[in-house]
Amino acid sequence: MKEFEKILINLVDKYGINKSLNLLSQKITLSRKLRIDKLLKARILDLQIAVENPANPHNAAAIVRSCDAFGVFNIHAITDEKMLILQAKKTTQGAFYWLETHQHENLNLLQQKLLQLQQKYNLSQKILIAGACVDAKTSIYDLDITQPLCLLFGTESHGLSTEAQNICDIKFHIPMLGMCESFNLSVAAAVSINTILLQKKQANIMSKNLSDIQQKHLQLKYYARKIHLEKLNSLLK
C-alpha cells in the first residue's frame, strides 16, 4: 500500500469521511473541487468497455480518454502484457487517474471481475458482454440498452478471438456505409459509447451512477492527489 493511501485511511479513521473531506477541500482550489464533484456525479457504471489483445497498446490507451470524456468509469484490457497498457500517461493524457482501469491475463478473469463489479455497484442485472464483430447480425442500434453492458472489442486486423466470441452474450456490428469494413479501435469504442448513451437519453433511461458513499471515498482520493504528502501528514497531527 502506498504512503498516500495509508494517510487517507488514517485520516478517515481519525476524523470520519465527512470531516476528512472538509479538511482536504480547504487545501485545493474551489474550481478544482467543483470540477471533481461534477465528474463523480456523472460517472456511469452500467456501461463498460473491454479490449482483447490490442495489437497497438496506444490504441487501447486512447480509449481511456474517450471513456473519461463520456463518463464511462470502468475499462478493461485482456492481455499478457506486463506493462499496464491502460495507464500510459502520455497517450491517455492522465485520464486514467480519473477512471477504474483493469488488466486481465485472460477472459475468465474479465468475467470474474464483471461479476464482482455487478455486486460492488449493486446492479440488479448481470453485466452482459456484447462483442463487436463485423459479421454480427445485431446492429448496435438494436442492443438492449436497459441491461448493463460491457462492450468487448478485438484487434483492428483480426477482431475478437473465437474464445472471446464464445463468452459474449450477444454480438453486434456498427453499420457502415462506405468501402471500409471496420473502424480504428479507439474510434469504434467512442462511436459505440456515444451511440448507446444517446439512445438511453432519447429513451429517458437513467444510467447507474456512483452511490453517495462511493463518491465520497473517491472525492477523498481525488482531492488529495495534488496535495503534498507533508501537508497530508500534517492533518493527522
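Structure's up top.
Here we summarise the structure given alongside this text. These numbers were taken from a predicted model, which means no experiment stands behind them.

Conventions we followed
- Throughout this document, residue positions are counted from 1 along each chain, in the order its sequence is written.
- Two thresholds apply to this predicted model, a pLDDT of at least 70 for residue-level local features and 80 or more for giving and counting side-chain atom pairs, whereas whole-chain, interface and lining totals are computed over all residues.
- Working from all heavy atoms in the structure, the side-chain values ignore hydrogens and water.
- Each helix is a run of H or I in the DSSP string that is no shorter than four residues. Each strand is a run of E no shorter than two, and both are numbered from the N terminus.
- Note on method: radius of gyration uses C-alpha positions; expected globular size equals 2.2 Å times residues raised to 0.38.
- Burial classes follow relative accessibility: with a 1.4 Å probe on protein chains only, a residue under 20% of its type's maximum area counts as buried, one over 50% as exposed, and anything between as partly exposed.
- By definition in these notes, contact holds between two residues if any of their heavy atoms fall within 4.5 Å.
- Just so you know, the count uses Lys and Arg for positive and Asp and Glu for negative, and it drops His and the chain ends.
- Positions of charges follow a simple convention, taking NZ of Lys, CZ of Arg, CG of Asp or CD of Glu.
- The definition of a nonpolar core used throughout is a set of buried Ala, Val, Leu, Ile, Met, Phe, Trp, Tyr and Cys residues joined through side-chain atoms within 4.5 Å.
- A pair is scored as a salt bridge if a Lys or Arg side-chain nitrogen falls within 4 Å of a carboxyl oxygen belonging to Asp or Glu.
- Under this definition, polar contacts are N or O atom pairs within 3.5 Å; protein pairs additionally need one hydrogen-donor-capable and one acceptor-capable atom, and for neighbouring residues in sequence, both atoms have to be side-chain atoms.
- Here the rule is simple: two strands pair whenever DSSP picks up at least two bridges between them.
- In this description, a disulfide is simply a cysteine sulfur pair whose atoms lie within 2.5 Å.

1. A word on the overall build of the protein
For the protein, the helix and strand inventory stands at 10 helices and seven strands. Taking 237 residues into account, the globule formula puts the C-alpha radius of gyration at 18 Å, and the protein, at 19 Å, falls close to it. Along the longest, intermediate and shortest principal axes, the C-alpha atoms of the protein span 65 × 40 × 30 Å. Looking at the protein residue by residue over its 237 residues, the buried ones come to 46%. Partitioning the intrachain contacts of the protein with sequence separation of at least 6 by distance along the chain shows that 77% fall at a separation of at least 24. Considering the protein, the positive charge centre built from 29 side chains and the negative charge centre built from 20 side chains are found 12 Å apart.

2. Focus on the environment of Lys14
Within the secondary structure, Lys14 sits in helix H1 (residues 3-15). A residue is classified by how much of its surface remains accessible, and Lys14, at 43% relative accessible area, is partly exposed. Separated by 222 residues in sequence, Lys14 and Leu236 have C-alpha atoms that sit 7.7 Å apart. When sequence neighbours within four positions are dropped, the list of residues in contact with Lys14 reads Leu235, Leu236 and Lys237.

3. Here's the deal with the nonpolar core
By size, the foremost hydrophobic cluster in this structure holds 40 residues, and its most contacted members are Leu24, Phe73, Tyr121, Leu152, Leu210 and Tyr222. Looking at this core, the elements that each hand over two or more residues are H1, helix H2 (17-25), helix H3 (30-41), helix H6 (107-120), strand E6 (149-153), helix H7 (162-167) and helix H9 (212-224). Not counting residues within four places of it along the chain, the set of residues in contact with Tyr121 comprises Leu45, Phe73, Asn74, Glu100, Lys208, Leu210 and Gln214. Counting 33 residues, the second-largest nonpolar core is a separate cluster that includes Leu47, Ala130, Ile174 and Ile193.

4. Comments concerning the side chain of Glu52
Along the chain, Glu52 falls in strand E1 (residues 47-52). In this structure, Glu52 is buried with no salt-bridge partner, the nearest side chain bearing the opposite charge being Lys171 at 12 Å. Here the side chain of Glu52 touches Ser161 through a polar contact of 2.5 Å, side chain to side chain. In contact with Glu52, not counting residues within four places along its chain, are Ile78, Leu107, Leu152, Phe153, Gly154, Thr155, Gly159, Leu160, Ser161 and Ala164.

5. A few points about the sheet that holds strand E2 (residues 74-78)
Pairing between the strands of a sheet comes from backbone hydrogen bonds, and it takes one of two forms, parallel or antiparallel. If you walk across this open sheet you meet the seven strands as E3-E2-E1-E6-E4-E7-E5, and the pairing is parallel. The open sheet has two edge strands with one neighbour each: strand E3 (100-104) and strand E5 (138-139). Across five bridges, E2 lies against E3 in parallel orientation. If you follow Ala77 over to E3, its bridge partner there is Gln103.

6. Describing the pairing of E6
Successive residues of a regular strand alternate their side chains across the two faces of the sheet. Most of E6 sits out of view: five of its five residues are buried. Where E1 and E6 come together, five bridges link them in parallel fashion. Across the sheet, residue Ala50 finds its bridge partner in E6, namely Leu152.

7. Topic: unusual backbone geometry
In this model, Asn53 sits at a positive phi of 40 degrees, which is unusual for a non-glycine residue. In this structure, Asn53 sits in the loop between E1 and helix H4 (57-70). A relative accessible area of 39% means that Asn53 is categorised as partly exposed. At Asn122, a residue that is not glycine, the phi angle is positive and equals roughly 55 degrees. Residue class for Asn122 comes out exposed when judged on its relative accessible area of 62%.

8. Observations concerning the state of the cysteines
By the definition in use, this model includes zero disulfides. Cysteine Cys133 shares no disulfide, and the gap to the nearest cysteine sulfur, in Cys168, comes to 6.0 Å. In this structure Cys133 comes out as buried when scored by relative accessible area, which is 7%. Residue Cys150 stays outside any disulfide, its sulfur separated by 9.1 Å from that of Cys168, the closest cysteine. We classify Cys150 as buried; its relative accessible area is 0%.

These values are about where atoms sit, not about what they do.
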